[in-house]
Amino acid sequence: MIYTLTFNPAVDYIMCVEKLQRGETNRSKWEEIQFGGKGINVSTVLANLGEETVALGFVAGFTGEALDRAVSARGVRTDFLRLSSGNTRINVKLKGDVETEINAQGPEITEEDIAKLYAKLNVIANGDTLVLAGSVPGGLPQNIYERILSRLSGRGIRFVVDATGALLTNVLPYHPFLIKPNRAELEDICGEKLCTDDAITAAARQLRQKGAENVLVSLGADGALLVDAFDKVHRRKAIAGKVVNTVGSGDSMVAGFLVGAARSYEYAFALGIAAGSATAFASGLAGKEEIMALCPNI
């Protein structure tokens, strides 16, 4: 079973205006509501690919109820913790001649809520996978990922971490099966610009030396690079296509990699790129048909 954990899911309210005029009444050309968060996106694409998955996290209020229903309707099994106050955040995305985003803070998560989460995590067993993805709310300790891996370490669980900065580097001693920084995040960790494949490979190998098994670096329009658990380097350019929306493409890459890893790292890398590209070419998260259609192009 693959479990995903999203601490701060969101309802994204997307509105498109021709030209945003400050201080005036603006009317939208179209609107769209999307329900997600990085871990939820991973679970959605896993389910689309036929993989059994459970989405964990925190929800609150009427927006949390709507998010739970929407994610369940995708075929994802949800096991969210319901907070006693507040609402799951609504992020407003204004698209037009420029793009403006207003991201809400989200509800408060207490130590009591964290204790309830730990109880849920205790069901994860040998052979299962836990994906920790995204940022955490400001009120939580910034070592929360490290605390979770410390509690679950030694149980035969595969850990996947897609996070930034210290949230990522602090978990490396627990030997996560997969980490997925993008180029900017890898540069931030290393403290230098990474302009060549050799430089990216060297930086990824540093993270492997610190404990990560597989380091998958997403490079946007330049494709991706993987240094696998055998220290073999895999490099592929991006698949040609019209990019519609890159939101969720990195999460889709993680899902594709996990599904493909049962066969080989080479196939995992290829399926990850296909999944990430398929989502980038779609208005939402890609389905199995769209993903598999791109595999012959790799």
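Definitions and cut-offs
- Residues numbered from 1 in each chain as written.
- Predicted model: local features only at pLDDT ≥ 70, side-chain atom pairs only at ≥ 80, totals over all residues.
- Heavy atoms only, no water.
- Salt bridge = Lys/Arg side-chain N within 4 Å of Asp/Glu carboxyl O.
- Helix = DSSP H or I, 4+ residues; strand = E, 2+ residues; numbered from the N terminus.
- Phe/Tyr/Trp six-rings, centres within 6.5 Å; stacked < 30°, edge-to-face > 60°.
- Buried < 20%, exposed > 50% of the residue type's maximum accessible area, 1.4 Å probe, protein only.
- Lys NZ or Arg CZ within 6 Å of the ring centre and 35° of its normal.
- Pairing = 2+ DSSP bridges.
- Core = buried A, V, L, I, M, F, W, Y, C linked by side-chain atoms within 4.5 Å.
- Axes fitted to C-alpha atoms, helices over the stretch in contact; angles between N-to-C directions.
- Contact = heavy atoms within 4.5 Å.

A. Here's a closer look at the pattern of salt bridges. Summed over all chains, the structure comprises twelve salt bridges. A salt bridge links R236 to E266, with the shortest nitrogen-to-oxygen separation between them at 2.4 Å. A residue pair is termed long-range when its members are at least 10 positions apart, and R236 in strand β14 (residues 233-236) and E266 in helix α9 (residues 265-280) qualify at 30 residues. Connected through shared salt-bridge partners, K38, D162 and D251 make up one network.

B. Here's a closer look at the packing of aromatic side chains. Counting across every chain of the model gives six aromatic pairs. Aromatic pair F7 and F58: ring centres 5.8 Å apart, planes at 25°, arrangement stacked. Highlighted residues: F7 in the loop between β1 (2-6) and β2 (10-16) and F58 in strand β4 (residues 53-59), separated in sequence by 51 residues. Here the two residues F7 and F58 agree in accessibility, since each one is buried. For the ring pair F257 and Y265, a centre distance of 6.3 Å and an interplane angle of 15° mean the geometry is stacked. Comparing F257 with Y265 shows no difference in burial state: the two are buried. These aromatic residues form a ring-pair network of at least three members: F177, F230, F257 and Y265. In this structure, R151 is placed above the aromatic ring of Y118, and the distance from its NZ or CZ to the ring centre is 4.0 Å. Sitting over the ring of Y267, R263 keeps its end group 3.8 Å from the ring centre.

C. A look at the pairing of β2. A large share of β2 lies buried, amounting to five of its seven residues. Sheet topology places β2 next to strand β3 (residues 30-36); seven bridges connect them, and they run antiparallel. Note on β3: the bridge partner recorded for Y13 is I33.

D. The arrangement of the nonpolar core in detail. If you look at the biggest cluster of nonpolar residues, it comprises 45 residues, and the most contacted ones within it are F7, L121, L130, Y145 and I148. Element by element, the count of residues in this core is highest for helix α4 (residues 144-152), at five residues. Membership of the second largest hydrophobic core comes to 32 residues, among which are A261, Y265, L271 and A278.

E. Main features of the sheet that holds β2. The strand order β3-β2-β7-β8 describes an open sheet built from four strands, whose pairing is mixed. The sheet is open, and its two borders are formed by β3 and β8 (100-102), each paired with just one other strand. Adjacent strand axes in the sheet meet at a mean angle of 15°, parallel and antiparallel pairs treated alike. The pairing of β2 with strand β7 (residues 89-95) spans seven bridges and is parallel. Across the sheet, the residue bridging to A10 is R89, located in β7. Contacts from helix α2 (residues 61-73) reach β2, β3 and β7 within the one sheet, and its direction differs from that of β3 by about 80°.

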